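Single-letter residue listing:
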Amino acid sequence: MSNESLANLLKEERRFPPPADLATHANVTAAAYEQAAADRLGFWAEQARRLSWATPPTQTLDWSNAPFAKWFADGRLNVAYNCVDRHVENGLGDRVAIHFEGEPGDTRTITYAELQREVSKTANALTELGVRAGDRVAIYLPMVPEAVIAMLACARLGAPHSVVFGGFSADALATRIEDADAQVVITADGGYRRGKPSALKPAVDEAIERVDRVRHVLVVRRTGQEVAWNDSRDVWWHDIVERQSDQHTPEAFDAEHPLFILYTSGTTGKPKGILHTTGGYLTQVSYTHHAVFDLKPETDVFWCTADVGWVTGHSYIAYGPLSNGATQVLYEGTPDTPHQGRWWEIVQKYGVTILYTAPTAIRACMKWGDDIPAKFDLSSLRVLGSVGEPINPEAWMWYRKHIGADATPIVDTWWQTETGAMMLSPLPGVTETKPGSAQMPLPGIAATVVDDDANEVPDGAGGYLVLTEPWPSMLRTIWGDDQRYLDTYWSRFEGKYFAGDGAKKDDDGDIWLLGRVDDVMLVSGHNISTTEVESALVSHPKVAEAAVVGATDPQTTQAICAFVILRGGADESEGLVEELRAHVAKHLGPIAKPKRILPVAELPKTRSGKIMRRLLRDIAENRDLGDVTTLTDSSVMDLIQAKLPSAA
Ligand code: 6R9
């Protein structure tokens, strides 16, 4: 990738300083950057003291077998004790841990004292089912409190969990059960999705037929729908958990004891089981949740809208917030059930102060219209977060204006399943933010942008995002495949972690993410980022969302092909397409002008909401579609293809 070509196509001049009162009372100030720069390991050793250790560590990082890291290796602790029991011991048992809101409108309030009893009972039940430290447990649940309780119960027993997103098929579940060699699966009859019960247990039954190693299936009754039952294998949660003692003594485990495996699909090959361990992971999720959201556990109400099946749900629903004693909202369903204001109704109802969501959701809300959030009282919000994809500057501005009353700071947090916790982000009481930029590494994190030859690029140039020093919550390996760990992350640039994302530095040295490297386009010798062209399109008032791909082209190597979703009311005339092409040319220069623009009703997304450009490339190049199994809705592709009379 050549430097000059990825360089700042998009110029963003808007700046937003932190609100004065937030800055004055911020948990973390600019001093943290200085402290961490002066003594990075000392900084992390200090953050590790946020946790309660049965044996406090005397070592910080052991990098002698790089890139296989050990953090706090001689320390011992129990994660569930840190997330639950210690808060109760500190007199906070009556504090609400979870405000659960089911999609049909049922609710449950769970205090830390209740959470301690539930987690203890579940740990006792799993012990009765034969689960021992080191055994893997698969969790395939809807977004109900039992999902968090099950994760904590596994952590309490030192049994690594492998959470599989409830929207995945029997096939995906079977592969993951098999790879992790899980002998116990925790699931539910079903969950509520878009106003209807949606079954889960049949997928487990089907998966188990293919992998005959599962001894027990623990089933939560959520929807009451009919389920097939195998008496020797299946047990109801309410039968076995309810009759257990609510006392359970947590055992301390080594800091490097495995905490969980979480599979990422990647673009090719079998899913990678990303392995996270105990002490370093909990240290960094706890610290980042405290620093980036400025969490004040006595008064804040935190809400992360992710599913626990993704890393965002692991780190910022389960482990980060609970290790910090936060009060949080857990919502089961979709944002538009039963109406498109459901999220804002929840913010108003619980007085949510910190909201963490994804660009895909923000763009959907933009499309639905400004008048919807305007009907609700969102004045409790004081910090807004974004994660999952680059956030287009216009979506950022919409989020700030329509959700954040034009005053609430936005933290755009870049990280990955592999990094375990946030890596790049503004700090809400410190950073002057720029719409669309994750800006800079957090204190204690070392990241930069390099060119093809691993040289750091100067300000104003683009290349690849790399992490140059190990960090506490880093993946330790790919489960069962050390070689793939080395090949995927550590072989592209010697001694540096290759994240697979394109990035650029602006003239101030701030970092902008440009999308996955596989998605960068090559047009007439210039590398052009899909993210930047998409952002230029979204900055047009008639466009809510855009996905851009490079299609093979005899003249220009690749030609830019854009799929756009129009905002409510805009009509897709020939004139509009020309207007959009001209708009991109004006913003980014003629080189970035899309050759084709196609208005569509929906875009193909992964189940975690990321746009699947690979499939759009197949369409733009008139190929049969590749693997569509990770799509949320494969009929979207039929709709798009139907719109292509004179395909590329
Ligand atoms: C946390 C999570 C990781 C990939 C990552 C990047 C993209 C995530 C981003 C972002 C730009 C952000 N990504 N956050 N890109 N700005 N703030 O999403 O993990 O599902 O493993 O995805 O998501 O491309 O490499 P995961």
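Residues numbered from 1 in each chain as written. Predicted model: local features only at pLDDT ≥ 70, side-chain atom pairs only at ≥ 80, totals over all residues. Heavy atoms only, no water.

**Q** In this structure, what is going on with the sheet that holds strand S6 (residues 137–140)? I would like to understand it.
**A** Where strands meet in a sheet, backbone hydrogen bonds hold them as pairs that are either parallel or antiparallel. Within the open sheet, the eight strands sit side by side as S12-S11-S8-S6-S7-S14-S15-S23. Their pairing is mixed. Taken across any chain shown, the strands that pair with only one partner, and hence form the sheet edges, are strand S12 (234–236) and strand S23 (477–478). Pairing analysis gives four bridges linking S6 to strand S8 (residues 184–188), with the strands arranged parallel. In the sheet register, Ile139 faces S8, and the bridge partner there is Ile186. Along the sheet, helix H12 (residues 311–323) contacts strand S7 (161–163) and strand S14 (258–264); its crossing angle with S14, the most-contacted strand, is approximately 145 degrees. (Pairing = 2+ DSSP bridges. Helix = DSSP H or I, 4+ residues; strand = E, 2+ residues; numbered from the N terminus. Contact = heavy atoms within 4.5 Å. Axes fitted to C-alpha atoms, helices over the stretch in contact; angles between N-to-C directions.)

**Q** Could you clarify how one ought to interpret the pairing of strand S10 (residues 196–199) in this entry?
**A** Both strand S9 (residues 190–193) and S10 contribute to a ladder of four bridges, which runs antiparallel. Bridge pairing in S10 places Arg193 opposite Lys196. Between S9 and S10, which pair antiparallel in sequence order, lie two residues; one of them, Arg194, sits at a positive phi of approximately 50 degrees.

**Q** Help me out: how do you make sense of the site of the ligand in this one?
**A** In the vicinity of the ligand there are 16 residues, among which Asp412, Thr413, Thr417, Asp501 and Arg516 approach most closely. Within the backbone of Pro390, one N or O atom sits 3.4 Å away from a nitrogen atom of the ligand. Between a nitrogen atom of the ligand and a side-chain N or O atom of Asp412, the distance comes to 2.7 Å. In isolation the ligand offers 530 Å² of accessible surface; the protein chains occlude 90% of this area. Only H12 and strand S25 (511–516) provide two or more residues apiece to the shell around the ligand. A breakdown of the residues in the shell around the ligand according to their chemical character gives six nonpolar, five polar and five charged. (Near = heavy atom within 4 Å. Polar contact = N/O pair within 3.5 Å; in protein donor to acceptor, adjacent residues only side chain to side chain. Areas by Shrake-Rupley, 256 points an atom, 1.4 Å probe, with all protein chains shown as cover. Nonpolar A, V, L, I, M, F, W, Y, C, P; charged D, E, K, R; others polar.)

**Q** Just checking my understanding: could you explain the UniProt feature "binding site: Mg(2+)" (unreviewed entry) in the protein for this structure?
**A** UniProt annotation of "binding site: Mg(2+)" (unreviewed entry) refers to Val538, His540 and Val543 when read in the numbering used here. Relative to the helices and strands, Val538 is located in helix H18 (residues 530–538). The exposure class of Val538 is buried, given its relative accessible area of 1%. Excluding residues that lie within four positions of it along the chain, Val538 makes contacts with Met366, Asn392, Glu394, Val543, Ala544, Glu545 and Ala546. Position of His540 among the secondary structure elements: in the loop between H18 and strand S28 (543–553). Here His540 falls in the buried class, since its relative accessible area comes to 6%. Sequence-distant contacts of His540, that is, excluding residues within four places in its chain, are made with Leu576, Glu579, Leu580 and His583. There is a polar contact of 2.9 Å between the side chain of His540 and the side chain of Glu579. (UniProt positions renumbered as here; feature names shortened; annotations may be inferred. Buried < 20%, exposed > 50% of the residue type's maximum accessible area, 1.4 Å probe, protein only.)

**Q** What is the right way to read helix H11 (residues 279–292) from this model?
**A** Spacing of three or four residues puts side chains on the same side of an α-helix, whose turn is 3.6 residues. The terminal C-alpha atoms of H11, which comprises 14 residues, lie 20 Å apart, in line with the 20 Å expected from a rise of 1.5 Å per residue. Burial runs high along H11: 14 of the 14 residues are buried. A positive phi of about 55 degrees marks Asp294, the residue just after H11. (Expected span 1.5 Å × (residues − 1).)

**Q** What am I meant to see in the pattern of salt bridges here?
**A** Where side chains of opposite charge bring their charged atoms close, a pairing between them can arise. All chains considered together, the criterion is met by 48 salt bridges. Note that Asp506 and Lys434 form a salt bridge whose closest N and O atoms lie 2.7 Å from each other. Here the residue Asp506 occupies a position in the loop between strand S24 (497–505) and S25, and Lys434 occupies one in the loop between strand S20 (410–412) and strand S21 (447–450), the gap between them amounting to 72 residues. Residue Arg613 pairs with Glu534 through a salt bridge whose shortest N-O separation is 2.9 Å. Highlighted residues: Arg613 in helix H20 (residues 613–620) and Glu534 in helix H18, separated in sequence by 79 residues. (Salt bridge = Lys/Arg side-chain N within 4 Å of Asp/Glu carboxyl O.)

**Q** Mind showing me how you'd approach the nonpolar core here?
**A** Note on soluble globular proteins: their nonpolar side chains tend to be buried together. With 137 residues, the main nonpolar core has Leu115 and Tyr319 as its most contacted residues. Those residues in contact with Tyr319 that sit more than four places away from it in its chain are Val79, Cys83, Met151, Leu152, Ala155, His161, Leu259, Phe260, Tyr281, Leu282, Val285 and His314. Of all hydrophobic cores here, the second largest spans 50 residues; its members include Ala361, Trp396, Leu566 and Val577. (Core = buried A, V, L, I, M, F, W, Y, C linked by side-chain atoms within 4.5 Å.)

**Q** Please clarify how the environment of Thr353 should be interpreted in this entry.
**A** Take Thr353: it is sitting in the loop between helix H13 (342–350) and strand S18 (354–357). Apart from residues no more than four positions distant in its own chain, Thr353 is found in contact with Thr299, Asp300, Val301, Ser380, Leu381, Arg382 and Val383. At 2.7 Å, the side chain of Thr353 and the side chain of Asp300 are in polar contact.

**Q** How should I be thinking about the sheet that holds S24 in this particular structure?
**A** The four strands lie next to each other as S21-S22-S24-S25, forming an open sheet whose pairing is antiparallel. The strands lining the two open edges of the sheet, one partner per strand, are S21 and S25. Neighbour to neighbour, the strand axes of the sheet diverge by 45 degrees on average, direction disregarded. Packed onto the sheet, H18 meets S24 and S25 and runs at close to 100 degrees relative to S25.

**Q** Honestly, the pairing of S21 in this entry has me stumped. Any pointers?
**A** Each regular strand shows side chains that alternate between the opposite faces of the sheet. On S21, burial covers both faces: Ala447 and Val449 on one face and Thr448 and Val450 on the other are all buried. With four bridges joining them, S21 and strand S22 (residues 462–467) adopt antiparallel strand pairing. Paired with Ala447 across the bridge in S22 is Leu467.

**Q** I would appreciate a short explanation of the environment of Trp414 in the present structure.
**A** Within the element layout of this structure, Trp414 appears in the loop between S20 and S21. Trp414 sits in the buried class, given a relative accessible area of 8%. Distance from Trp414 to Ser425, taken between C-alpha atoms, is 6.4 Å for residues eleven residues apart in sequence. If near-sequence neighbours (up to four positions away) are discounted, Trp414 is found in contact with Thr419, Met422, Met423, Leu424, Ala438, Leu465, Leu467, Ala499, Asp501 and Leu513.

**Q** Can you help me understand the environment of Val548 in this one?
**A** Here Val548 lies in strand S28. Considered as a pair, Val548 and Asp482 are 66 residues apart in the sequence and their alpha carbons are 35 Å apart. Contacts of Val548, omitting those with residues within four sequence positions, involve Met521, Thr530, Val533, Glu534, Leu537, Ile560, Cys561, Ala562 and Arg613.

**Q** Looking at this structure, how should I read the confidence of the model for the protein?
**A** Parts of the prediction with low pLDDT should not have their coordinates interpreted in detail. A residue-level look at the protein finds 97% of positions with pLDDT of 70 or above and a mean pLDDT of 94. For this predicted complex, the interface score ipTM comes out at 1.00, while the overall pTM is 0.93. (pLDDT = per-residue confidence, 0-100.)

**Q** Just checking my understanding: could you explain the UniProt feature "modified residue: N6-acetyllysine" (unreviewed entry) in the protein for this structure?
**A** Feature annotation in UniProt places "modified residue: N6-acetyllysine" (unreviewed entry) on Lys610, given in this structure's numbering. Position of Lys610 among the secondary structure elements: in the loop between strand S30 (596–599) and H20. With a relative accessible area of 36%, Lys610 lands in the partly exposed category. Leaving out residues up to four positions away in the same chain, Lys610 has contacts with Gly388, Glu389, Pro604 and Lys605.

**Q** Hey, could you run me through the packing of helix H6 (residues 112–128) against helix H7 (residues 145–157) in this one?
**A** Helix-helix packing is characterised by the crossing angle of the two axes and by the distance between the axes. Between H6 and H7, the least distance of the axes is 8 Å, while the angle of their chain directions is 65 degrees. Considering the relative orientation of H6 and H7, their crossing is right-handed. Contact residues: Leu115, Glu118, Val119, Ser120, Thr122, Ala123, Leu126 and Thr127 in H6; Ile149, Leu152, Ala153, Cys154, Arg156 and Leu157 in H7. (Left-handed = near helix turned anticlockwise from the far one by under 90°.)

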